[in-house]
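# Report on the structure
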Amino acid sequence: MAWIRSKPFIWFILPGFLLYSLFSVYPIFSAIQISLTRWDGIGKKKFVGFGNYGELFSNPELFRQLTGALGHSATIFALNALVVLPAQLYLAYLIYGKIRGHRFFQAMIFSPQFIATPVIVFMGTLVFDGNIGVFNKLLETVGLGSWTRPWMGLPELGIYIVWLLVAWSGIGVGMIFFLGAMKMISGEIIEAALLDGASYWGRFFRIVLPQIKTTILNMLILTYIFAMTLFDYSFILGGASGGINRSVDVMALFFYRISFGDNSAVGGTTNVNAMGMGTTIACVMFVIVFAVALVQVALTYRRAED
């Protein structure tokens, strides 16, 4: 008791630590334990060791779905990192520079955050639907009627449709993050650059970007985690099966389908081992996300120290 009295801050940390352990740490270890068993979610568990992991990578159908879902999630991350993140930086800098109407544009760009995902998907359907879609009507109006397609029904474009909806709805979040970081840059540095004759974009590349590099790396980590855990857009567009030829399948949807099923069997023992195989997929997802995020965090702190 004397040791506890000498460290009173423990009483402030303890409630949060207990809640975090109960709702975050315990579920992780529980999932690892379930992944080592053969279990349908209702009956008795049977310990199988790493048998579920072996089946996940050796069962041809399961492995095909795993690689397909992982590839789609990686595609969304790559597009977000290469297209959306630079666009967020660009928009943030324009608003930071207080262009005419910057408050209006800031509100409009961020406003999709207040729209529910099903509504966003419905709006996307109104744009890309083959029969009533605005995009096809626009192509016909400008004389490109031969380019019209049933965009929502083309398997090769499925994941890109998902990405467009995700990008439109989420571009404002990163913009706000970057805008906040830019506003923390010392005004004296910007004034000194102006006195030295630095151009508008010269200040952006030589002053602003180096000053917010940690925020950029942090946003890259969040973008990666988001891409690997995306679920709702793919589920609404393609259902549990992941759409035509699983064209909108992603890792979280793959986990959901194996754990809670769809209208078709995937072979092997997954029908009677839904929870065992499902948590195995969840653990694989956790390792993939954790490993890459850990590398990015290490790079972030290394750059911060430099």
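These numbers come from a predicted model, not from an experiment.

Right, let's get into the overall build of the protein chain. Along the backbone of the protein chain there are 14 helices and two strands. Seen through its principal axes, the protein chain has C-alpha atoms that stretch 80 × 75 × 30 Å. Taking all 306 residues of the protein chain together, 37% fall into the buried category. In the protein chain, the share of contacts with a sequence separation of at least 24, taken over all contacts with a separation of at least 6, comes to 67%. Accessible area of the protein chain: about 17700 Å², with a carbon and sulfur share of 69%. In the protein chain, 20 side chains carry a positive charge and 14 a negative one; their mean positions are 6 Å apart.

Estimates place the volume of the largest pocket at around 410 Å³. Lining the largest pocket are 23 residues, with Gln113, Val166, Gly170, Val173 and Phe226 positioned closest to its centre. Those elements that place two or more of their residues in the lining of the largest pocket are helix H4 (60-96), helix H6 (117-128), helix H8 (158-183), helix H11 (213-229) and helix H12 (232-238). The element that contributes the greatest number of residues to the lining of the largest pocket is H8, accounting for eight residues. Partitioning the lining of the largest pocket into residue classes produces 14 nonpolar, eight polar and one charged. In this structure, the second largest pocket encloses a volume near 200 Å³.

Our focus in this paragraph is the nonpolar core. In terms of nonpolar packing, the biggest core is built from 42 residues, with Ile76, Leu89, Val162, Phe178, Met182, Ile212 and Tyr233 touching the most fellow members. Counting residues per element, the ones that place at least two in this core are H4, H6, H8, helix H9 (187-195), helix H10 (200-211) and H11. Element by element, the count of residues in this core is highest for H8, at twelve residues. Dropping the residues within four chain positions of it, Tyr233 is found in contact with Thr117, Ile120, Val121, Val162, Leu165, Val166 and Ser169. With 15 residues, the next largest nonpolar core counts Ala252, Met277, Ile281 and Met285 among its residues.

We now examine H4. End to end, H4 covers 52 Å across 37 residues, agreeing with the expected 54 Å (1.5 Å per residue, within 8%). Remark: the principal bend of H4, roughly 40 degrees, maps to Asn80. In the segment just after H4, Lys98 is the residue with positive phi, at about 55 degrees.

Attention shifts here to the confidence of the model for the protein chain. For the protein chain, mean pLDDT is 87; residues scoring 70 or higher make up 93% of the total. Highest mean pLDDT in the protein chain belongs to H4 (95); lowest belongs to helix H1 (residues 2-5) (66).

So, about a nonpolar patch on the surface. Residues Phe9, Trp11, Phe12, Ile13, Leu14, Phe17 and Leu18 make up a contiguous nonpolar surface patch of about 810 Å² in total accessible area. Residue position: Phe9 is located in helix H2 (residues 9-35).

What counts, and where the lines are drawn
- Residues numbered from 1 in each chain as written.
- Predicted model: local features only at pLDDT ≥ 70, side-chain atom pairs only at ≥ 80, totals over all residues.
- Heavy atoms only, no water.
- Helix = DSSP H or I, 4+ residues; strand = E, 2+ residues; numbered from the N terminus.
- Buried < 20%, exposed > 50% of the residue type's maximum accessible area, 1.4 Å probe, protein only.
- Contact = heavy atoms within 4.5 Å.
- Areas by Shrake-Rupley, 256 points an atom, 1.4 Å probe, with all protein chains shown as cover.
- Lys, Arg positive; Asp, Glu negative; His and termini not counted.
- Charge placed at Lys NZ, Arg CZ, Asp CG, Glu CD.
- 1 Å grid on protein atoms, 1.4 Å probe; cavity = no way out; pocket = protein on both sides within 12 Å on 5 of 7 lines; lining within 4 Å.
- Points joined across faces, edges and corners; volume = space filled by probe spheres on them.
- Nonpolar A, V, L, I, M, F, W, Y, C, P; charged D, E, K, R; others polar.
- Core = buried A, V, L, I, M, F, W, Y, C linked by side-chain atoms within 4.5 Å.
- Expected span 1.5 Å × (residues − 1).
- Bend = angle between axes of the 7 residues up to and from the residue.
- pLDDT = per-residue confidence, 0-100.
- Patch = residues over 30% accessible without salt bridge, like charges linked within 9 Å, V, L, I, M, F, W, Y side chains within 5 Å.
- Salt bridge = Lys/Arg side-chain N within 4 Å of Asp/Glu carboxyl O.

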